[in-house]
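Coordinate analysis (summary)
Residue strings, one per chain:
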Amino acid sequence: MTQRVHRICSICEAGCGLEVELATTPDADARVVSIRANDADVFSEGHVCAKGIALKQLDADPDRLRQPLIRDGGELRPASWEEAFAFIADRLQWVRATHGPQAVAAYIGNPTAHNIGLSMGLGAFVRNMGSTHVYSAGSVDQLPKQLASELMFGNDMAIPVPDIQHTDCLVVIGANPAVSNGSLWMVPKIRDKLRALHARGGRLVVIDPRRTETARLADEHLFIQPGTDVYLLLVLIKQLLALGREMPARYQIRGWSELKQTVQGIDLAQVSTRTGIPEAQLQALASTLNRATSPVLYGRVGTTVQKHGTLVSFLIEVVNLLTGSLDRQGGALFPEQAYAAAQRPSGGLQYARYQSRVSGYPEVLGQLPVAALAEEIETPGQGQVRALVCIAGNPVISNPDSDRLQRALQTLDLLVCVDIYVNETSGLADVILPGTSIFEDSHYDSFLGSMGWRNVARYSPPVFAPTQPREWDIGLTLGFINQHGEVPDDRQLRAYEDEVVAGAVSAYCQDQQNPLFGRDVQEILGAIEPEAGVERLLDLGVRAGKWGDHFGRREGLTLQTLIDTPNGVDLGEVRGGRLAEVVQTPDGCIDLAPSVIMQALQALADDAEAPGLQLVGRRSVNTNNSWLHNLAALNQVRQVCVLEIHPADAKRLEIRDGEQVEVRSAVAAVSVPAKVTEAVAPGVVCLPHGFSESTDILPGQSKGANYNRLVSASAIDGPSATVALNGVPVEVMRRASAQTTG
Ligand code: SF4
């Protein structure tokens, strides 16, 4: 017997709707037979990529952990959940008693953002950890974007996305949505949408040091030298002003005259030299933006993980403001989602409220940067990290200066990893708690739902009954252990869940902007429909949201509505005119001259040009950061871990196509095959991230040079301390020469 169920793919931000075919027999459990796109999904409209199809393999993968592992006599051995949690409780208690709560740290990996059980369950653990040592993959990813929004709008989640259905000019900087299907922008089937832009006479411009898959679809591609986008944006602002643009009066802003003053010192010829873009093309781009009815700039990882990430993210929105495109149809819009989070009580910026202990890096949105993690483990003294709980992350591969971080992790008194695999990081752990199978847990995009190309609400219940604790329960158990020093029994765990849910309800009832403001906490608690699980928080957030039923006050969405609508509820096009809701600065004005930004602009005076070759990263549709490399359906597609180098540089260095080369940075060297191609700008070399050279970890996975071994943890974006993964100065030499010289 077969059965078809609908499921949202939680691998990446596109959030594709899948149709999963299940086979069921009377005497056996159901199993996945096939996966294909769900054409009826209101958001993804039939899109799927190889990774979504490969979820079948992921679910069945014999390498996927199904039982906790404990280190015993130097080796990891299978253990029961009770034994694993007891081990953690004992060791964590000892660390806290010996070194204090500040000795405990958490690292939150990227999949947490796509997983409501993980993010909310482990969120409860992190919030109650009693330590400021909270790190995440955000500081090797999007944190500068969020910081720019926090500084500009007073709201780190106010991240506008291009109105791809209506714009007549999309300028993509340092992003490759044709491969990512959007990032901080959920836009499955983007190739169709870009073709539609072209068909209606619109223009796509891509600015990137590499001719990416998106650039190949563009009307115009401008190569730019890594780390120089800030100068491009400053000169665009100056040129737009020279063309007669002024900040539209409809925006409530402050600080514009100070920012404008700074722009006056920018010299077109110098910017042209620095960026590598001819003056005429810079002027033409400004004219294109000026002429377009609804131009929009979009920047992503190439603009955030670089030495001016916060400034660049900030200035992109300044251009969108100056062209009048921010919050206007066809421009950069703020999508809305059905799930409402309770707003934090206003208490000023979530920035620099404390610093890291060793290098004094600022806190950003309640986190310290991963640039500080190794030194915070290595450096003795009060507050030294002695225990780390790593949640769905593989920092040995995804964080800078990997060799040093790997050594540091090995010195911890306790390393706990929540992961579905033994990987380069979890392989060092004292305990690994296996994450739930993707089909054994539910899905709702609570974090990224506010960045969709269209407003929708979609929920997937588990396809199969869980065969182990759900991630929500793992997080709650760790939270209980951390707070009470012992492993909870079932009754205690459910009481702890009640406490967490009651705390959440209370936050909504105290949020003056939420429809539940002033309501009785017990009344709301009693009306939440699911009796247990993370779905209680989901029902709460959906019913308290813009389209929710506000708990009996009107007709509207509940979690049950979403369960009854497996293809998703379409809530309509993303619309403009939302700034008054989105901007949360104390005076309601968009701040165009926050002191952090003005200081970063002044510091540009000392921004030296990088010498020699510069390394940038890239992404392939068949890889997903540091994981999935072991799935045959993905890793046999083609060899992707090669160093792209321009023919002029290859000729100068006497490197032939396919030859093994050594790439050396200030901190490490890796060996990799070269691919001579005009797809990269002269002076730029390009390597994908997420690969590992290790042969004893997941032997079936495709191997490749670990990009992050080459990245120095001290090369950072000043305001956010996010690591500059792009624009790494390197030397490249033939392997034979390297062996002779090195
Ligand atoms: S693009 Fe691929 S990995 Fe991303 S959500 Fe869609 S199917 Fe999943």
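Details of the structure are given in the entry above.
My aim in this report is to walk through the structure given alongside it, one point at a time. Because the structure is predicted, anything quoted here is derived from the model rather than measured.

**A word on the site of the ligand**
Surveying the vicinity of the ligand reveals the residues C9, I11, C12, A14, G15, C16, V48, C49, K51, G52, N181 and P188. For the shell around the ligand, a count of residues per class yields 8 nonpolar, 3 polar and 1 charged.

**Side note on helix α3 (residues 81–99)**
Given a rise of 1.5 Å per residue, 19 residues ought to cover 27 Å, and the 26 Å separating the end C-alpha atoms of α3 matches this to within 8%. Of all the positions in α3, only A84, F85, F87, I88, A89 and L92 are classed as buried. Taken together, the buried residues of α3 touch β4 (69–72), β6 (104–108), β17 (387–391), β18 (414–419), β19 (431–434) and α17 (471–484). Two residues or fewer past α3, G100 is found with a positive phi of approximately 90 degrees.

**Details of the packing of helix α18 (residues 490–509) against helix α20 (residues 535–543)**
Taken N-terminus to C-terminus, the directions of α18 and α20 make an angle of 10 degrees; their axes are 10 Å apart at the nearest point. When the interaxial angle is binned, α18 and α20 end up roughly parallel. Contacts from V501, A504, V505 and Y508 in α18 reach R536, L537 and L540 in α20. Residue composition of the contact of α18 with α20, grouped by class: 6 nonpolar, no polar and 1 charged.

**Considering the environment of C390**
With respect to the element layout, C390 can be found in strand β17. Owing to 25 C-beta atoms within 10 Å, C390 belongs among the buried residues under this scheme. Taking the C-alpha atoms as reference, C390 lies 44 Å from I266; in sequence the two are 124 residues apart. Not counting residues up to four positions away in its chain, the partners in contact with C390 are Y107, P395, L415, V416, C417 and T425.

**Describing the sheet that holds strand β10 (residues 203–207)**
Taken in spatial order, the 4 strands make up an open sheet running β11-β10-β9-β13, and their pairing is parallel. Both edges of this open sheet fall to β11 (220–222) and β13 (295–299), since each of them pairs with a single strand only. Each strand of the sheet is rotated relative to its neighbour by a mean of 15 degrees, with strand direction disregarded. When strand β9 (residues 169–173) meets β10, the two strands line up parallel, connected through 5 bridges. From the neighbouring strand, V171 faces β10, where its bridge partner is V205. Against the sheet, helix α13 (residues 309–322) engages β9 and β13, with an angle of about 170 degrees to β13.

**Overview of the environment of T98**
You can see T98 is positioned in helix α3. T98 sits 504 residues away from Q602 along the chain, and the two C-alpha atoms are 45 Å apart.

**Side note on unusual backbone geometry**
Phi at L184 is positive, roughly 50 degrees, even though this residue is not glycine. Mapped onto the elements of the fold, L184 is located in the loop between α6 (177–180) and α7 (190–199). On the neighbour-count criterion, L184 (22 C-beta atoms within 10 Å) is buried. Non-glycine residue K189 carries a positive phi angle of around 60 degrees. Of note, K189 is situated in the loop between α6 and α7.

**Considering the sheet that holds strand β26 (residues 669–676)**
Pairing is mixed around the closed barrel formed by 6 strands, whose spatial order is β23-β27-β24-β26-β25-β28. Neighbouring strand axes in the sheet, compared pairwise and without regard to direction, differ in orientation by 45 degrees on average.

**Looking at the pairing of strand β15 (residues 351–355)**
Bridge count for β15 against strand β16 (residues 362–364) is 2 bridges, and the pairing is antiparallel. Bridging from a neighbouring strand, Q355 pairs with P362 of β16. Counting the residues that bridge the hairpin from β15 to β16 gives 6 residues, and of these G360 lies at a positive phi of roughly 70 degrees.

Definitions and cut-offs
Residues numbered from 1 in each chain as written. Predicted model: local features only at pLDDT ≥ 70, side-chain atom pairs only at ≥ 80, totals over all residues. Near = placed C-beta within 6 Å. Nonpolar A, V, L, I, M, F, W, Y, C, P; charged D, E, K, R; others polar. Helix = DSSP H or I, 4+ residues; strand = E, 2+ residues; numbered from the N terminus. Expected span 1.5 Å × (residues − 1). Buried ≥ 20, exposed ≤ 12 C-beta atoms within 10 Å, placed from the backbone. Contact = placed C-beta atoms within 7 Å. Axes fitted to C-alpha atoms, helices over the stretch in contact; angles between N-to-C directions. Parallel < 35°, antiparallel > 145°, perpendicular 65-115°, else oblique. Pairing = 2+ DSSP bridges.

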